[in-house]
Amino acid sequence: MSTKGTLRVLQLYPRDMNIYGDWGNALVLQQRISWHGYTPELLEYNVGDEFPADVDLIVGGGGQDSGQLIIQADLQARAEDLRALAEADLPMLVICGLYQLFGKFFKTRTGEVIPGIGILDVETHGTDERLIGNVKVASTEFGEVLGYENHSGQTTLGSGVSPLGTTAKGTGNNSGDGHEGARYRNIVASYLHGSLLPKNPAIADFLIQHAAERKFGHFAPGSPDDTYAVLAREHAGRRPR
């Protein structure tokens, strides 16, 4: 069967940064790429691996503080490559722990500073307050975004990024400003697990569209089956905080 071409999706550190179903984001991208008529190629990068060449889309998940410490040195070694890809508009989705480490730093509640790679103008401080529960995010370019947060790190945005949206339910980045996530170039960053993409296919299609346009010069959409995504959104939207 002929396709419109191959899109290579790279998962960053799925061995150590894959919590609350974040690996499901890669599976959604794989399926929707196929529905759009392209051939998906799903790759993994873990600590110590050779970094794949010619990737088209990057996705990374969350993890415990211990997971962030495990990947810290390796992520710093890959920082220049990742920054170059980000500035070249490679689409990326980073969730929770990798959202934090794509920023300037994460300072744990015990005072240990885990340096980030500085792609995103954000900083995160660990606290004794845990932000947990269902979230609705309004005022996004993707419509209403639904998900689930569970984090004690609180992130503040600098002037170099925009928020993904404002929280209509839940807390989001921190307990003070009502913002959730961050947007920079073709990067979507968020605290929302659950996984994020099954309930928010518009974000998946944004990533796929920009991957295809970047690689082939244009995007020819297919006809994805959103039946279950619609049902999942209806169910998630009714859930209490």
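Just so it is clear, the model here is predicted, and its values are computed rather than measured. (Residues numbered from 1 in each chain as written. Predicted model: local features only at pLDDT ≥ 70, side-chain atom pairs only at ≥ 80, totals over all residues. Heavy atoms only, no water.)

Engineer: Looking at this model, I keep getting lost on the pairing of strand S8 (residues 145–157). Mind explaining?
Structural biologist: Within a regular strand, the side chains alternate between the two sheet faces. Within S8, 10 of the 13 residues are buried, which leaves it mostly tucked inside the rest of the structure. Two strands pair when backbone bridges link them, and strand S7 (residues 122–138) and S8 are joined in this way by 12 bridges, in the antiparallel orientation. By the bridge assignment, Gly-126 is partnered in S8 with Gly-153. Counted between consecutive antiparallel strands, the loop separating S7 from S8 contains 6 residues, among which Ser-139 sits at a positive phi close to 60 degrees. (Buried < 20%, exposed > 50% of the residue type's maximum accessible area, 1.4 Å probe, protein only. Helix = DSSP H or I, 4+ residues; strand = E, 2+ residues; numbered from the N terminus. Pairing = 2+ DSSP bridges.)

Engineer: When you look at the environment of Glu-129 in this model, what are you seeing that I'm missing?
Structural biologist: You can see Glu-129 is positioned in strand S7. We classify Glu-129 as partly exposed; its relative accessible area is 38%. Between the C-alpha atom of Glu-129 and that of Arg-109, which follows or precedes it by 20 residues, the distance is 10.0 Å. Setting aside anything within four residues of it in sequence, one finds Glu-129 in contact with His-151, Ser-152, Gln-154 and Ser-175. Of the polar contacts made by the side chain of Glu-129, one reaches the side chain of Gln-154; its length is 3.1 Å. A polar contact is formed between the side chain of Glu-129 and the side chain of Ser-175, at a distance of 3.4 Å. (Contact = heavy atoms within 4.5 Å. Polar contact = N/O pair within 3.5 Å; in protein donor to acceptor, adjacent residues only side chain to side chain.)

Engineer: Got a minute to help me understand the sheet that holds strand S11 (residues 182–184) in this structure?
Structural biologist: Working definition: the strands of a sheet are paired by backbone hydrogen bonds and lie parallel or antiparallel to each other. The strand order across the open sheet formed by 6 strands is S2-S1-S3-S4-S12-S11, and the pairing between neighbours is mixed. Of all strands in the sheet, those with a lone pairing partner are strand S2 (39–45) and S11, marking the two edges. Here the average twist between neighbouring strands, direction ignored, is 15 degrees. Across 4 bridges, the pairing between strand S4 (residues 92–95) and strand S12 (residues 187–190) is parallel. Opposite Met-92, over in S12, you have Ile-187 as the bridge partner. Its contacts with the sheet place helix H1 (residues 23–35) against strand S1 (6–12), S2, strand S3 (57–60) and S4, and it is angled at close to 160 degrees to S2. Seen against the sheet, helix H3 (residues 79–87) touches S1, S3, S4, S11 and S12 and runs at an angle of roughly 125 degrees to S4. (Axes fitted to C-alpha atoms, helices over the stretch in contact; angles between N-to-C directions.)

Engineer: Where do I start with the pattern of salt bridges in this structure?
Structural biologist: Oppositely charged side chains are able to pair whenever their charged atoms sit close together. For the coordinates displayed, the defined rule picks out 11 salt bridges. Residues Arg-32 and Asp-226 are paired through a salt bridge, measuring 2.8 Å at the closest nitrogen-oxygen approach. Pair noted here: Arg-32 is in helix H1 and Asp-226 is in the loop between helix H6 (201–216) and helix H7 (227–238), with a separation of 194 residues, a long-range link. Classification of Asp-226 by relative accessible area gives partly exposed; the value is 30%. Residue Asp-128 is joined to Arg-109 by a salt bridge in which the shortest nitrogen-to-oxygen separation is 2.7 Å. Here the residue Asp-128 occupies a position in strand S7, and Arg-109 occupies one in the loop between strand S5 (105–107) and strand S6 (113–115), the gap between them amounting to 19 residues. By the burial criterion, Asp-128 is exposed, and Arg-109 matches it. Among the ionic contacts, a cluster of salt bridges with common partners joins Arg-32, Asp-205 and Asp-226. (Salt bridge = Lys/Arg side-chain N within 4 Å of Asp/Glu carboxyl O.)

Engineer: I tried to follow the UniProt feature "active site" (unreviewed entry) in the chain on my own but got confused; where do I start?
Structural biologist: Under the UniProt annotation, "active site" (unreviewed entry) lies at Cys-96 and His-193. Spanning 98 residues, the annotated positions come together in the fold, the maximum distance between their C-alpha atoms being 7.9 Å. Of note, Cys-96 is situated in the loop between S4 and helix H4 (97–101). Filtering out sequence-adjacent residues up to four positions away, Cys-96 remains in contact with Gly-62, His-151, Ser-190, Tyr-191 and His-193. Its location among the elements puts His-193 in the loop between S12 and helix H5 (196–199). The contact partners of His-193, leaving out residues within four places of it in the chain, are Ile-19, Tyr-20, Asp-22, Gly-62, Ile-95, Cys-96, Gly-147, Tyr-148, Asn-150 and Lys-199. (UniProt positions renumbered as here; feature names shortened; annotations may be inferred.)

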